[in-house]
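Chain residues, written in single-letter form:
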Amino acid sequence: MANHKSALKRIRQNEKRRLHNRYYYKTARNAVKKLRAMTDSNEAAQVLPKVISMVDKLVKRGIIHKNKSANLKSKLMRHVNKLNAATV
């Protein structure tokens, strides 16, 4: 166990930040899952910008790496484009 006051504070801060980051990451992951499960192209096209925004915010906050977000956004866009192509 930590003996210094600053170390105790650091432990409290780390736990608080961990829970905060976990909330945002889980929320974004759920949004991605819902988007991937969609079969309606119009609905997916409306949700896509919101999900991309969530992923970008994760990168900005340092929760995920920018390359991971780029790969994720690319796959989501491909999914929505496939839905659009299937309906045309």
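All figures in this text were calculated on a predicted structure; none of them were measured in a lab. (Residues numbered from 1 in each chain as written. Predicted model: local features only at pLDDT ≥ 70, side-chain atom pairs only at ≥ 80, totals over all residues. Heavy atoms only, no water.)

Participant: Can you help me understand the overall build of the protein in this one?
Facilitator: Tallying secondary structure elements over the protein gives three helices and zero strands in all. What you see in the protein, going N to C, is helices and strands ordered as α-α-α. Projected onto its principal axes, the C-alpha coordinates of the protein cover approximately 65 × 20 × 15 Å. Buried residues in the protein amount to 22% of all 88 residues. Long-range pairs, those at least 24 residues apart, make up 60% of the contacts in the protein with a sequence separation of at least 6. When the accessible area of the protein is evaluated, it comes to approximately 6,900 Å², of which 53% is carbon and sulfur surface. (Helix = DSSP H or I, 4+ residues; strand = E, 2+ residues; numbered from the N terminus. Buried < 20%, exposed > 50% of the residue type's maximum accessible area, 1.4 Å probe, protein only. Contact = heavy atoms within 4.5 Å. Areas by Shrake-Rupley, 256 points an atom, 1.4 Å probe, with all protein chains shown as cover.)

Participant: What should I look at first to understand the side chain of K73 in this one?
Facilitator: Counting through the fold element by element, K73 comes out in helix α3 (residues 66-87). For K73, a relative accessible area of 18% translates into the label buried. In this structure, K73 is in contact with I52, V55 and D56, ignoring residues within four places of it in sequence.

Participant: Whenever I open this one, the pattern of salt bridges confuses me. Can you help?
Facilitator: Two side chains that carry opposite charge are able to pair once their charged atoms sit near each other. If you walk through the whole model with that rule in mind, you get two salt bridges. Between R18 and E15 there is a salt bridge, with the nearest N and O atoms lying 2.9 Å from each other. Taken together, the positions of R18 and E15, both in helix α1 (residues 5-37) and three residues apart, correspond to about one turn of that helix. The exposure class assigned to R18 is partly exposed, which follows from its relative accessible area of 40%. K73 is the salt-bridge partner of D56, the closest N and O atoms lying 2.7 Å from each other. Pair noted here: D56 is in helix α2 (residues 41-61) and K73 is in helix α3, with a separation of 17 residues, a long-range link. (Salt bridge = Lys/Arg side-chain N within 4 Å of Asp/Glu carboxyl O.)

Participant: Please explain the environment of G62 as it appears in this structure.
Facilitator: Summarising the element assignment, G62 is placed in the loop between α2 and α3. Under the relative-accessibility criterion, G62 is labelled exposed at 59%. In this structure, the C-alpha to C-alpha distance between G62 and N21, residues 41 residues apart in sequence, is 9.0 Å.

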